[in-house]
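Fold and contact review
What follows is the residue order along each chain.
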Amino acid sequence: MKGVFVHQQLEYRLEMPKEPIVQGDALPTTLAIKNHSSSPQKLDSAILQICCAATKDLKAKTDSFETVSTATLDLPAELAAQGQAVSQWEFVLDKNCCISDKSQTLYFRYGSSAGMAAQLPLTVLPHPHIEGIVRILESFFQFVPKGQKTSKGWVEVKLKPAASPRFSMVNELKLGFRFEGEELVLRFNFNVKKFETEDSAVKIGKGKTEFETRLHPARYLLAGQHLNQEVIEAELEKALKEVATGLS
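Rules behind the numbers
Counting restarts for each chain, with residues numbered from 1 along the sequence as it is written. Where totals are concerned, whole chains, interfaces and linings use all residues; where local detail is concerned, this predicted model gives features only for residues with pLDDT of at least 70, and gives and counts side-chain atom pairs only at 80 or more. Side-chain descriptors were evaluated using all non-hydrogen atoms of the structure, hydrogens and water having been removed beforehand. Helix and strand assignments come from DSSP, with helices taken as H or I runs of at least 4 residues and strands as E runs of at least 2, each series counted from the N terminus. For a helix, the expected span equals 1.5 Å multiplied by the residue count minus one. Relative accessibility thresholds used throughout: buried, under 20% of the residue-type maximum; exposed, over 50%; partly exposed, between the two (1.4 Å probe, protein chains only). Pairing of aromatic rings covers Phe, Tyr and the six-membered ring of Trp, with a centre-to-centre limit of 6.5 Å; geometry is then stacked below 30 degrees between planes, edge-to-face above 60, and tilted otherwise. Only when the NZ atom of a Lys or the CZ atom of an Arg is both within 6 Å of the ring centre and within 35 degrees of the ring normal do we say a charge sits over the ring.

Because an α-helix completes one turn every 3.6 residues, residues spaced three or four positions apart along the sequence face the same direction. Helix length check: helix H2 (residues 128-141), at 14 residues, gives a terminal C-alpha distance of 19 Å against a target of 20 Å (1.5 Å per residue), a fit within 8%. If you check which residues of H2 are buried, you get His129, Ile130, Gly132, Ile133, Val134, Ile136, Leu137 and Phe141. Following H2 by one or two positions, Gln142 adopts a phi angle in the positive range, close to 60 degrees.

Take a look at the structure:
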């Protein structure tokens, strides 16, 4: 991905070759600054950052953002007329960083801290282990993904069960994922049907079933960081039994 921004005769050219981007990725970046003026320009206010902001604020180009990481730029204090300087930096995303969704995203902010700065949005996908577990839920248990977002440090995936007697009491599953140390924590939040008695009549209301499962890499990963599908299926089966009807 590339971005170009010009402010007060200084051209900022940002390049980051890695795509797609997932949580925990290392992002090698290059920032080149060219002075198009006929006189020297100071570079002491040049910045390169990764920030997080609400999508609506990013589109409106407001200053409502959270700085996630700032590069240490190796640049001269001053750039000669028609001169150019280049600095490289590798950002490393946290494994729990926010993913790109309808409400928020990560983006590069580059330019001048004393003046104008450009915004280059990043499309960040969930960690590969998260996407692999969701695929197992989809292919083996027929739960259909209906959306995903970041919520309070968790990746939350919304899934709908297939129309089967076994999960006839389940309206929806919100499955949260978060890395804590070496462990991957799965937070199951089932929205379920609940029978209620009112005035001698039985009605179907809504209830919740919530619990967490912690997976250590020694159990759920094989060599080469591949998911141990057998272990994942067993853990998901154990969780789904909490809301299954027993019917097939």
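Picking up after the structure, the text goes on.
Time to look at helix H4 (residues 229-240). Taking 1.5 Å per residue as the helical rise, H4 with its 12 residues ought to reach 16 Å, and the 16 Å between its terminal C-alpha atoms agrees with that figure. All of the buried residues along H4 are Val231, Ile232, Glu233, Glu235, Leu236, Ala239 and Leu240.

What follows is about the packing of aromatic side chains. Tallied over the full model, the rule gives eight aromatic pairs. With a centroid separation of 6.2 Å and 35 degrees between ring planes, the pair formed by Phe190 and Phe211 is classed as tilted. Of this pair, Phe190 sits in strand S16 (residues 183-198) while Phe211 sits in strand S17 (residues 201-215); the two residues are 21 residues apart in sequence, bridging distant segments of the chain. Look at Phe190 and you get buried, because its relative accessible area is 0%. Feature note: the residues Phe5, Tyr12 and Tyr110 constitute an aromatic cluster, connected by ring pairs. In this structure, Lys95 is placed above the aromatic ring of Phe179, and the distance from its NZ or CZ to the ring centre is 4.4 Å. Above the plane of the ring of Trp154 lies Arg187, whose end atom (NZ or CZ) is 4.1 Å from the centre.

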